[in-house]
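Breakdown of the fold
Single-letter residue listing:
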Amino acid sequence: MDARDPEALLHEVAWLRRLAHRLVTDDATADDLAGDTLAEWSAVRTPPHSRRGWLATVLRHRAERHHRREQLRARAEQATAQPACSPPVDDSIAKAQLHRDVVDAVLALREPYRSAVVLRYLDDLPLHEVAERLHVPTETARTRIKRGLEHLRQRLDHRYGSRAAWTALLLPPRAPVPTLPFTLLMATKPLAIAAVAATAACIYLLLPTQTTPTTSPPANATPANQPAVAAADLARTAAQRELAVAPAAPAPAAAAAIVVRGRTVDETTSLPLADVRVVWYAGDAQARGDSATTGRDGHFTFRTTAPSPRVRPVLLLRAPGHALTTQDLGSPSDTEPDVYDVGDVLMPPGTALSGTVVDSDGVPAGDTPLFALLFAYWTNEGRIVRLEEAMPVGRTDADGSFRLDDRLLPNRPDPVLLAAGSRGVGFAELTDLHRDRTSARADIRLLPGTELQVRVVDELGAGVPGALVVAEPRFVPLCLPGTFPIRVETVPQLADCFAAHTGADGLATLHPLALQDGDQTAYTLRVEGAGRDRSIVPIQLPHTAVVEVVLPRSRPLRVHGHVRDAAARPIADVRIAASWTAAATTQSGDDGGYSLALSRGDGPLQLDASARAWFPQHRELQPTAADDEVTVDFELSPALELSARIVDQHGKPVARALAWLVGGDAQGTASAADGTLSMAVPPAAARVLHVWPPDPSTAWAGGIDHLLAPGQNAVTLVLERLPRDRSSLEVEVVDAQGSALEPARVALQHEHDRDSLWHPATAIIGHITASDLPPGDWSLLVEPTQGCELLRTFTVPPGGDTVHLRLVQPLPASAHGEVVLDDGAAAPPHIELTFRDGSQRARFVAAAGQQLLTDGHRLRLDPRTGLAFTVVDIDASRPLAVVAESDGCSGDADVRARPTGDTAFQVHLRPQATMQLRSAEPFASDRVLLQLRRPDAAWAEPMRCEGLGGRTELIALPVTAGAWEWRLQLPTRGDDNRAGACWQHGTFTVLPGATAIVDVRERE
């Protein structure tokens, strides 16, 4: 039925009048509001998708404006009828003293917090302008303001003894916020800056302390009508709950706000899901932002702050009976740059998890908090998670049992369930979850903490009280290896175990875990104290002795030097920005000299020199503890201001595309809403500009590399947006007997994707689904839990239809190979066998004296025990390339296994050959994409080769002897990139130990 149908609209009049009478108490006013809403509907040119949601939202806004007008009128009448009451003199003196304390606290803030607070609240600058003034990213500016305000709160809490004491003076009930007179501010200008900033900051300081807004009777409430007004308030709350059946139109907000909307759909039934909780996460999984709840039609809409270009925000969706689901933020709408529509979000069923938690003695651990660790990283040490990203998912019952309300979705990597309580901490890796099972069990045994005493002393050996001591775990799978701060103390349930403050004697007692596997457990002690340098100390547990950590008083590091051009002439007014534990900035003088002092920190010291008309330069150094000063000189080159315009293939501007110079010191710059951006580039050298789309996962074909000619200062670049008529994919996956097959990994990729971006796909036993597939050629690779993999290429036609495929796993074949050495060649100490990139992924089977590496995809042979090996799970319909490498020698063989019986083959190990890529003249492009393959084989993964600018000898790669095909992708060039990337290709043949020369040239 048409949403503008007058006959259908008549059915909404009665409902609208009932809602209006619930929002206001006066019948005549309710009828007027309902009539005005219907009149406004008749003036709408484009009807929204939900008529009832639109009418209810407009009516609610009109009712709110009516209540505000009535409150203002009542306050005006009350002000004229009663004389204003003056506060007591003591209160005024207390308020003045509070102002002075706040001013002192603002002036006492360390940089860069003081500058950030003053710019935000004195000049009333929006967040992005504060970031521009401070020459930092938007997220950095937001963090500085947040930390500066937190320091202010702590100072005032210490000064007045509690938060309530000074907030009561700041905003007493029914009293306006006290402000200093304008004449006083002008008379005391040095104090005025901090005073104005402090006054505005104090208003913000109150917000975190108010968990529940206090309500007072409306201004028009009287003893006679107060019950009616209160009932109207309750009715308004109930009406707001009723309006959840449709997405409410967002209220007007500042320019920095964005609107996020979408729809949740049940993955199995394709029906919309109601009552799904949608939470916005940006940057930090623990920093919970705005949220919404879906209505009956599955739609959700809410308003939040625009994320930084460097932050990938996600949505977290919770629904009863469905798995905890995350969704990347989509790209902004073409017609509405501030609207992000994520479309349909599929909610899979997931697995309901239950189990028990017991302590180390086997006693049930009741009332123990449970956490899910969903976000993981892959390193050389395996899969790891960060403890500060622990997400609360429930608690155990009195008998130690639990059943999570949130279902978990098996993903790669599998989630980790964490239990943390007073009796210890335990975890379980959920590797046995299957999407075809509705429930699973996970039993956790808490590991008791081993007592660790840390004594923190100063340079003279005296104890340092009040220092924070954190034992950051460094064992898989609980955190990120390295020296990065883990911030375990941000999770209260974990802080009791891993963090403590030193007492008056400088002693702190912690109870970190020591894994009960016989090995020592690695930790990093992070010790911080006010006015002292941070100390990082690696330790191993169990540890019986007291660990002593010296925490010296902070000695500022003096950084000085000169800024000159290529002719050694000084450059004045260059901004030098230093970043370590804190940040500091200064300007170079007329002689080009500069000097600044920094608080010491850990990690490298970052220095940036920037000035208008000069190309910025970045330096990084690691001062030692003995250094009191360092000298850093800069040599700047003149720069051009590059003006670029980013559009899609239809000429529409692309907002939030990120561009940066490859190999340059310039920071990434995001395009504005109209697709424009500007950045400094060196005028005398060709540089590659890389542009990354705002949503590379689904909305765009990929990033681009564009070569800027010397002196070029204006370009138009085209990012290819995926077509709207996208298709969905339905794949049935079975084995040779027709039984459903369980995929362990699915790789779906567009054949013409220039950045090797994988398309998201959902896999369950026997079934694979994907959506938003643009037309073109695709490849689907399925790695099952057992047997050989499946590879299928297919074409998605235009039109948005569903593509149905059936993949049948072939019967696995096997082959027996042997490594053969050249005559007279000495046997190497070991030989490693693997499969060439781009070929199928079979697996090796180890025999005596052989060692399997990387899940059976790499095998190490010891020539003393034999050179024979076995390969299984081979797809007989495709060739398999086996590569042998050892001590400067290599060899390969293409194996075509027989479907029945065993296949024998040999790999001849010969001296490695070399493929040399060179140019007749110095190369202008700084990086290219190179691909190699054997004739009639699949192309290997593309290699991104960088640092080629100005060279003629470009790339030297070790290859096996024989015939090869190559192709090279160069960046686009000119004023725009619509001509497309330049591909060069050819063949070469190389003998063992020889070098094949491949000459390439850049397109004119």
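So, a few notes on the structure that sits alongside this text. If you're wondering where the values come from, they're calculated on a predicted model, not measured in any experiment. (Residues numbered from 1 in each chain as written. Predicted model: local features only at pLDDT ≥ 70, side-chain atom pairs only at ≥ 80, totals over all residues. Heavy atoms only, no water.)

Thoughts on the overall build of the protein chain
Looking only at helices and strands, the protein chain features 12 helices and 64 strands. Sorting the 1004 residues of the protein chain into buried and exposed places 45% on the buried side. As displayed, the protein chain has an accessible area near 49200 Å², and 51% of this comes from carbon and sulfur atoms. (Helix = DSSP H or I, 4+ residues; strand = E, 2+ residues; numbered from the N terminus. Buried < 20%, exposed > 50% of the residue type's maximum accessible area, 1.4 Å probe, protein only. Areas by Shrake-Rupley, 256 points an atom, 1.4 Å probe, with all protein chains shown as cover.)

Digging into the sheet that holds strand 54 (residues 880-886)
Ordered by their spatial adjacency, nine strands build an open sheet running 50-53-48-56-55-54-49-52-51, and the pairing between neighbours is mixed. At either end of the open sheet lies a strand with only one pairing partner, and these are strand 50 (843-845) and strand 51 (851-853). Within this sheet the neighbouring strands show an average axis-to-axis angle of 25°, counted without direction. (Pairing = 2+ DSSP bridges. Axes fitted to C-alpha atoms, helices over the stretch in contact; angles between N-to-C directions.)

Thoughts on a negative patch on the surface
Negative charge collects at one region of the surface, where Asp 26, Asp 27, Asp 32 and Asp 36 lie side by side. Tracing the backbone through its elements, the reader meets Asp 26 in the loop between helix 1 (6-23) and helix 2 (27-42). The class of Asp 26 is partly exposed, set by a relative accessible area of 39%. (Patch = residues over 30% accessible without salt bridge, like charges linked within 9 Å, V, L, I, M, F, W, Y side chains within 5 Å. Salt bridge = Lys/Arg side-chain N within 4 Å of Asp/Glu carboxyl O. Lys, Arg positive; Asp, Glu negative; His and termini not counted. Charge placed at Lys NZ, Arg CZ, Asp CG, Glu CD.)

Things to note about helix 6 (residues 127-134)
Three or more residues of helix 6 are buried, namely Leu 127, Val 130, Ala 131 and Leu 134. Seen from one end, helix 6 has its buried residues packed into an arc of 100°, which puts them on one side. A positive phi of about 60° marks His 135, the residue just after helix 6. (Arc of directions from axis to C-beta.)

A few points about the pattern of salt bridges
Counted under the stated rule, the structure contains 25 salt bridges. The shortest N-O distance in the salt bridge between Glu 459 and Arg 532 comes to 3.9 Å. Of the two residues, Glu 459 is situated in the loop between strand 18 (452-457) and strand 19 (468-473) and Arg 532 in the loop between strand 22 (521-528) and strand 23 (535-541); the sequence distance between them amounts to 73 residues. Overall, Glu 459 belongs to the partly exposed group, its relative accessible area being 48%. A salt bridge links Arg 555 to Asp 628; the shortest N-O distance between them is 2.2 Å. On the criterion of sequence distance, the pair formed by Arg 555 in the loop between strand 24 (547-550) and strand 25 (557-564) and Asp 628 in the loop between strand 30 (614-621) and strand 31 (629-631) is long-range, its members being 73 residues apart. Connected through salt bridges with shared partners, the residues Glu 472, Arg 474, Arg 487, Glu 489, Arg 526, Glu 528 and Arg 534 form a single ionic network.

A word on the packing of aromatic side chains
For the structure shown, the criterion picks out seven aromatic pairs. For the ring pair Phe 475 and Tyr 523, a centre distance of 5.7 Å and an interplane angle of 75° mean the geometry is edge-to-face. On the criterion of sequence distance, the pair formed by Phe 475 in the loop between strand 19 and helix 12 (492-498) and Tyr 523 in strand 22 is long-range, its members being 48 residues apart. Both residues of the pair, Phe 475 and Tyr 523, belong to the buried class. With a centroid separation of 5.6 Å and an interplanar angle of 75°, the aromatic rings of Phe 869 and Phe 905 are classed as edge-to-face. (Phe/Tyr/Trp six-rings, centres within 6.5 Å; stacked < 30°, edge-to-face > 60°.)

Remarks on the pairing of strand 14 (residues 416-421)
The element strand 14 is extensively covered by neighbouring structure, given that five of its six residues are classed as buried. Bridging between strand 9 (residues 369-373) and strand 14 involves four bridges; their strand directions are antiparallel. Bridged to Leu 370 within strand 14 is Ala 419. As defined by bridge partners, strand 14 adjoins strand 15 (residues 424-429) across six bridges and the pair is classed as antiparallel. Across the sheet, residue Val 416 finds its bridge partner in strand 15, namely Glu 429. Taken together, strand 14 and the strand that follows it, strand 15, pair antiparallel across an intervening segment of two residues.

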